[in-house]
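Architecture at a glance
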Amino acid sequence: MLVTKPSLEYATIAFAEEVGEACGKLKRLHRGDYKTSVHMNGNTEFDKDFGNELGDVLYYLVCAAHNVNLTLSDVIALNVLKLQARHAAGTIKGTGDKR
């Protein structure tokens, strides 16, 4: 349950920011900034940090969806339908929303 409901604009901007933060964690992993030692539950420090960022991404995705009266299940269903239509039309590869 959401405690507050950020506006669509705020949720979308925050979503993009959190995706950037998750990418930053991956960049630091790639350049060797993370130690490889394993922490509780077999997770590395990177796993924990990246998981936290993914949680933030998910939170703002849900907030954005709720602003347009969609659940996360609705968003997934819409995406599956879109991909099925593209597959049937032979347009999985390529660019653009309307293919």
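What comes next is a walk through the structure.

**Observations regarding the overall build of the protein**
When you go through the protein residue by residue, the secondary structure sums to three helices and zero strands. Listing the helices and strands of the protein from first to last along the sequence gives α-α-α. Every one of the 99 residues in the protein was classed for burial, and the buried ones make up 20%. Across the protein, every contact between residues at least 6 apart in sequence was considered, and the portion connecting residues at least 24 apart equals 58%. In the structure as shown, the protein presents an accessible area of about 7,500 Å², 61% of it carried by carbon and sulfur atoms.

**Here's the deal with the nonpolar core**
In this structure, Ala11, Ala14, Tyr60, Cys63 and Ala64 together form the largest nonpolar core, which totals five residues. Secondary structure elements with two or more residues in this core: α1 (8-30) and α2 (45-67). Excluding its chain neighbours within four sequence positions, the residues that come into contact with Ala11 are Pro6, Tyr60, Cys63 and Ala64.

**Side note on the environment of Ala11**
Along the chain, Ala11 turns up in helix α1. The spacing of Ala11 and Asn67 is 56 residues in sequence and 8.8 Å in space, taken between C-alpha atoms.

**Quick notes on the packing of α1 against α2**
Between two packed helices, both the angle of their axes relative to each other and the distance between the axes serve to describe the pair. Close contact between α1 and α2 brings their axes to 8 Å; oriented N to C, the two are set at 160°. The angle between α1 and α2 falls in the class roughly antiparallel. Both α1 and α2 take part in a crossing whose hand is left-handed. Partitioning the contact of α1 with α2 into residue classes produces 16 nonpolar, two polar and six charged.

**Let's talk about unusual backbone geometry**
Residues other than glycine seldom take positive phi values, yet Asn69 does so here, at roughly 60°. Relative to the assigned elements, Asn69 resides in the loop between α2 and α3 (72-89). Among the residues examined, Asn69 registers a relative accessible area of 68% and is labelled exposed.

**Notes on the pattern of salt bridges**
Within the structure shown, the criterion is met by two salt bridges. Among the salt bridges present, the one from Arg31 reaches Asp33, with a minimum N-O distance of 2.5 Å.

Conventions adopted
- Residues numbered from 1 in each chain as written.
- Predicted model: local features only at pLDDT ≥ 70, side-chain atom pairs only at ≥ 80, totals over all residues.
- Heavy atoms only, no water.
- Helix = DSSP H or I, 4+ residues; strand = E, 2+ residues; numbered from the N terminus.
- Buried < 20%, exposed > 50% of the residue type's maximum accessible area, 1.4 Å probe, protein only.
- Contact = heavy atoms within 4.5 Å.
- Areas by Shrake-Rupley, 256 points an atom, 1.4 Å probe, with all protein chains shown as cover.
- Core = buried A, V, L, I, M, F, W, Y, C linked by side-chain atoms within 4.5 Å.
- Axes fitted to C-alpha atoms, helices over the stretch in contact; angles between N-to-C directions.
- Parallel < 35°, antiparallel > 145°, perpendicular 65-115°, else oblique.
- Left-handed = near helix turned anticlockwise from the far one by under 90°.
- Nonpolar A, V, L, I, M, F, W, Y, C, P; charged D, E, K, R; others polar.
- Salt bridge = Lys/Arg side-chain N within 4 Å of Asp/Glu carboxyl O.

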